[in-house]
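Survey of secondary and tertiary structure
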Amino acid sequence: MADAQKTATLTIDGQDYELPIYSPTAGPDVIDIRKLYGQAGVFTYDPGFTSTASTDSTITFIDGGKGELLHRGYPIDQLAGKSHYLEVCYLLLNGELPTSEQLEDFESRVTNHTMLHEQMMNFFRGFRRDAHPMAIMVGVVGAMSAFYHDSTDISDPWQREVASIRLIAKMPTIAAMAYKYHIGQPFVYPRNDLDYASNFLRMCFSVPAEEYQVNPILARAMDRIFTLHADHEQNASTSTVRLASSSGANPFACIAAGIACLWGPAHGGANQACLEMLREIGTVDRIPEFIARAKDKEDPFRLMGFGHRVYKNFDPRATVMKESADEVLELLGVDNNPVLQVAKELEKAALADPYFAEKKLFPNVDFYSGIILEAMGFPTSMFTPIFAMSRTVGWISQWKEQLSDPQLKIGRPRQLYQGETAREYVDIENR
Ligand code: SDX
């Protein structure tokens, strides 16, 4: 933590309280209120944490006004263009880009941990076939703590490292198995001679009846989707992982909690909701109707894939994702995809509308990802599991950072209580 260079003075009932202000390497200054309740007997109030820093961190930085996203200082467009997902995983976990030897060792450790304990397959068979794959992922990842006891002791740095590798390595296998179970096809084992993205595509789309050839352009687009979703500061699911970890929960339980939070349509579930919305709109001529609904205060409808708590400019990930969408759809010969046409016209219409301009509602990462995933052959129910796979390294990096923080204590927010004050119990005959 940086030393306080200046202070803020808070005056309550004529009493002044000096609060330290810390300046970050980038972003807004923060006011340290940790001693406020002890000194002034008051809480701060910030539902949704719109103005609250929950931690200090060195992993990811977002400048919402500029539409900038940095991972350990490297801009996301450079990483998406020049790096690949496992190298970005190494960067997020370790703070620096790897040497070729470090990268080779890291990729080898991940590749050699992609198989699941064979008995875990029974968990999948306990679900209905029409279970949402996210329900399966929450269950199976949580169950990993019952199979990998030798990497649940968070006080042991080696066990933390093993759990990290196991989670990054096995999430694609779990997601692919959830998909195969959902469609009634046999599970496909991972292969050690394939890269991370190719392995995932093969586990999802190959069948025993014939050889499966991974299309390198689709593998590259898949890898880019993983990279674009890897980490994103203290978003809702990352904050969930940190809060779960603050109680000392094991890594598999913490990541299962993150998966559960990501599932919501306001967060990681938005890519599925966005594609369903584009399909509901159906044709370009119906766009004005939906834009009017999104602007109507009486209508709870929102344009899925638009808006962001932090970005008040274009989400830089959406810009890269849009390029990938054009490449993939052209490759697959579906660049006249009606959903893509609606998406492009909707984006134009929304960005030209004063409501969205005034509220700074721009397309976010989820606006185009669903279009690419659908073109690749994934059902909408697999969009959020793919987001969860990608974000696992971000959750783990933030989890490791929190565990190495000497200030770590259990997260326990307070409240503004508006309920009844103390009153006597009334027997039922007197009510
Ligand atoms: C992700 O946090 C992260 O970093 C998340 C994420 C990550 O990588 O982890 O980036 C991934 O979750 C991306 C966001 C995906 N969600 C969606 O696309 C769902 C649609 N978007 C909205 O639900 C909303 O924009 C949020 C939840 C993303 C952000 O909501 P905020 O910051 O709490 O803003 P708000 O709800 O207070 O809205 C501010 C105003 C409101 O109008 P007023 O009450 O001020 O009049 O903007 C309006 C809202 O009604 N608004 C929208 C809108 N989003 C906000 N109006 C229409 N359509 C929308 N999509």
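Now for a quick tour of the structure. (Residues numbered from 1 in each chain as written. Predicted model: local features only at pLDDT ≥ 70, side-chain atom pairs only at ≥ 80, totals over all residues. Heavy atoms only, no water.)

**Quick look at the pairing of strand E2 (residues 15–22)**
Examined bridge by bridge, strand E1 (residues 6–12) and E2 share seven bridges and lie antiparallel to one another. From the neighbouring strand, Ile-12 faces E2, where its bridge partner is Gln-15. The hairpin turn running from E1 into E2, its antiparallel successor, is two residues long, and Asp-13 in that turn takes a positive phi close to 50 degrees. Strand direction decides the pairing type here: E2 and strand E3 (residues 30–31), joined by two bridges, are antiparallel. Directly across from Tyr-22, in E3, lies its bridge partner Val-30. (Pairing = 2+ DSSP bridges. Helix = DSSP H or I, 4+ residues; strand = E, 2+ residues; numbered from the N terminus.)

**Concerning the side chain of Asp-315**
Relative to the assigned elements, Asp-315 resides in the loop between helix H13 (287–295) and helix H14 (316–331). In this structure the side chain of Asp-315 is engaged in a polar contact, spanning 2.7 Å, whose partner is the side chain of Arg-317. Among residues more than four places away in sequence, those in contact with Asp-315 are Pro-363, Asn-364 and Val-365. (Polar contact = N/O pair within 3.5 Å; in protein donor to acceptor, adjacent residues only side chain to side chain. Contact = heavy atoms within 4.5 Å.)

**Some thoughts on the site of the ligand**
The ligand sits among 24 residues. The nearest are His-232, Gly-305, His-308, Arg-317 and Arg-391. One of the side-chain nitrogen or oxygen atoms of Arg-302 is found 2.9 Å away from an oxygen atom of the ligand. The side chain of Arg-309 places a nitrogen or oxygen atom 2.8 Å from an oxygen atom of the ligand. The fraction of the free accessible surface of the ligand (1100 Å²) that becomes covered by protein chains is 77%. Classifying every residue of the shell around the ligand gives ten nonpolar, seven polar and seven charged. (Near = heavy atom within 4 Å. Areas by Shrake-Rupley, 256 points an atom, 1.4 Å probe, with all protein chains shown as cover. Nonpolar A, V, L, I, M, F, W, Y, C, P; charged D, E, K, R; others polar.)

**As for the nonpolar core**
One finds Phe-124, Phe-200, Met-222, Leu-278, Leu-346 and Phe-378 to be the most contacted residues of the largest nonpolar core, which totals 115 residues. It is helix H7 (residues 157–183) that contributes the most residues to this core, 13 residues altogether. Look past the residues within four positions of Leu-278 in its chain and what remains in contact with it is Val-339, Val-342, Ala-343, Leu-346 and Ile-371. (Core = buried A, V, L, I, M, F, W, Y, C linked by side-chain atoms within 4.5 Å. Buried < 20%, exposed > 50% of the residue type's maximum accessible area, 1.4 Å probe, protein only.)

**A closer look at a negative patch on the surface**
Taken together, Asp-77, Glu-323, Glu-327 and Glu-330 make up a surface patch of like negative charges. At three residues, the largest contribution of residues to the negative patch is made by H14. As for its position among the elements, Asp-77 is in helix H2 (residues 76–82). (Patch = residues over 30% accessible without salt bridge, like charges linked within 9 Å, V, L, I, M, F, W, Y side chains within 5 Å. Salt bridge = Lys/Arg side-chain N within 4 Å of Asp/Glu carboxyl O. Lys, Arg positive; Asp, Glu negative; His and termini not counted. Charge placed at Lys NZ, Arg CZ, Asp CG, Glu CD.)

**Some words on empty space enclosed by the protein**
Over the atoms, a rolled probe matching the size of one water molecule traces out where space is still vacant. Counted under the stated rule, the structure contains one cavity of 30 Å³ or more. Taken as a whole, the largest cavity holds about 60 Å³ of empty space. If you go around the largest cavity, the residues you meet are Met-115, Leu-116, Met-121, Thr-173, Met-177, Phe-187, Val-188, Tyr-189 and Pro-190. The residue inventory of the lining of the largest cavity, partitioned by class, reads eight nonpolar, one polar and no charged. (1 Å grid on protein atoms, 1.4 Å probe; cavity = no way out; pocket = protein on both sides within 12 Å on 5 of 7 lines; lining within 4 Å. Points joined across faces, edges and corners; volume = space filled by probe spheres on them.)

**Quick word on the environment of Gly-269**
With respect to the element layout, Gly-269 can be found in the loop between helix H11 (251–262) and helix H12 (270–281). Note: C-alpha distance between Gly-269 and Ser-100 (169 residues apart in sequence) is 36 Å. Excluding residues within four positions of it along the chain, Gly-269 makes contact with Leu-262, Trp-263, Gly-264 and Thr-384.

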